[in-house]
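Commentary on secondary and tertiary structure
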Amino acid sequence: GRPANQQETEFDICFGDGSPATLAPRWPTPQTIVDIGNGTARNVYKITHTFPGPGVYVVSAATQNRNAGTLNLGRPDTDQISWFVETVILINPTVGQNTTPVLLNPGVDFTAVVGQRFIHNPGAFDAEGDSLAYRLTVCRTYPGREIENVRRGFNIPGYRLPNEVAGCAGQTETLTGSATFGIDPLTGDLTWDAPACPGQYNVAFVVEEWRGGVKIGEVTRDMQIIVEDRDNKRPEITVPPEICVEAGTRIQQTITAIDRPNSRGTRDRLTLSAISAVLGPDAALVPPTFATFTTPTQPQAGSPATGQFVWQTSCAHIRAQPYSVLFKVQDNPGSTLPPLVDSKTFN
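Below: a short report on this structure. (Residues numbered from 1 in each chain as written. Predicted model: local features only at pLDDT ≥ 70, side-chain atom pairs only at ≥ 80, totals over all residues. Heavy atoms only, no water.)

A few words now on the overall build of the protein chain. Per the secondary structure count, the protein chain includes one helix and 24 strands. Compactness check: the protein chain gives a C-alpha radius of gyration of 21 Å against a globular reference of 20 Å for 347 residues, within 12% of the reference. Counting across all 347 residues of the protein chain, residues that qualify as buried make up 41%. Within the protein chain, contacts between residues separated by at least 24 positions form 64% of all contacts whose residues are at least 6 apart in sequence. Charge centroids of the protein chain, computed over 27 positive and 34 negative side chains, lie 2 Å from each other. (Helix = DSSP H or I, 4+ residues; strand = E, 2+ residues; numbered from the N terminus. Rg over C-alpha atoms; globule rule 2.2 N^0.38 Å. Buried < 20%, exposed > 50% of the residue type's maximum accessible area, 1.4 Å probe, protein only. Contact = heavy atoms within 4.5 Å. Lys, Arg positive; Asp, Glu negative; His and termini not counted. Charge placed at Lys NZ, Arg CZ, Asp CG, Glu CD.)

Attention shifts here to the sheet that holds strand β24 (residues 341-346). Each strand in a sheet pairs with its neighbour through backbone hydrogen bonds, running either in the same direction (parallel) or in the opposite one (antiparallel). In space, the three strands of this open sheet follow the order β20-β23-β24, with antiparallel pairing throughout. For this open sheet the edge positions go to β20 (269-275) and β24, each flanked by a neighbour on one side alone. Going from strand to strand, the sheet's axes swing by 20° on average, the running direction of each strand aside. As judged from the seven bridges shared by β20 and strand β23 (residues 325-332), these two strands associate in the antiparallel manner. Within β23, the position partnered with leucine 270 by the bridge is aspartate 331. (Pairing = 2+ DSSP bridges. Axes fitted to C-alpha atoms, helices over the stretch in contact; angles between N-to-C directions.)

What follows concerns the sheet that holds strand β15 (residues 190-193). Pairing is antiparallel in the open sheet, where three strands are placed in the order β9-β15-β14. Lying at the two open borders of the sheet, with one neighbouring strand each, are β9 (118-120) and β14 (180-183). This sheet shows a mean twist of 5° between the axes of neighbouring strands, independent of strand direction. The sheet contact formed by β9 and β15 spans three bridges and is antiparallel. Counted as the bridge partner of histidine 120 is leucine 190 from β15.

Once that is clear, we can look at the pairing of strand β3 (residues 34-37). Consecutive side chains of a regular strand alternate in pointing toward one face of the sheet and then the other. One ladder, built from three bridges, connects β3 with strand β4 (residues 40-42); its direction is antiparallel. Bridge assignment links aspartate 35 to a residue of β4, and that residue is alanine 41. A loop of two residues connects β3 with β4, the two strands running antiparallel in sequence, and asparagine 38 in this loop sits at a positive phi of about 55°.

Note that all results are geometric; they support no functional claim without further evidence.
Quick look at the structure:
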């Protein structure tokens, strides 16, 4: 059959307020599919819903099915396990208007290599400048309980964190427990240091939104990590330390990255990129003038890559929470090897 991203022209959403689940159409047209790299496409589904009044609502989405051969989901037939995520929304007049956090970095940094640190950051941004906190959660599935049109999924039985998988199929190597897997509660860096077993894994984490010491919402990302045993080293990126400036200051910072040689001494050509609401073009998130990030052509494979971040700030940009810019470097090892990524956040 057709790939799942083509089949899903509409998506089932439950709003958690007692109203029936609704099919949201793919937006802006049923045919719209956006290639976002690394063999991944993004579908957007858009619908308007009015809640009955103040309250805490759990909005959920579910679909069939997860990919086959996932190692940490507690059973062999993982293609029979559905995918389920939730978003928690608080509607309270005393809190005021609110927009849930937007995850600007898509979950396509999913390639890892045995013995090397893996890192992914969602690039979360909150338009109102609310505080964000990050925590791991368990991948969930559905069908679960549905009472008066309020849907509840459940944790996948037997789910384990990727570093808790006991051994590698077809290999004598076993995990000693020295590998760590976690997410930084302040920066959102999801780190696995380091994978030992090739294969496919599913992980999930929550981004909480806080205002005045009260949690007012949360969003969930459920993503895939594919570990391969390859002769390729992850590149390394360097970003400036955090800065605080007076409104009206022109910020100009240099970002650098290098590739580490593989066993044959080969270094790859690098691609630098930046992800942030301050780069625009959505004025609903950050008012203009927007920042720019320019990357001159890397002279040759193996040489350092550089980029220039420039932002002319103004009084319209004043806020209590810092603006974050996620800088990424990706190597380009050729068609036979997966690209590897390093990323760091500049506040």
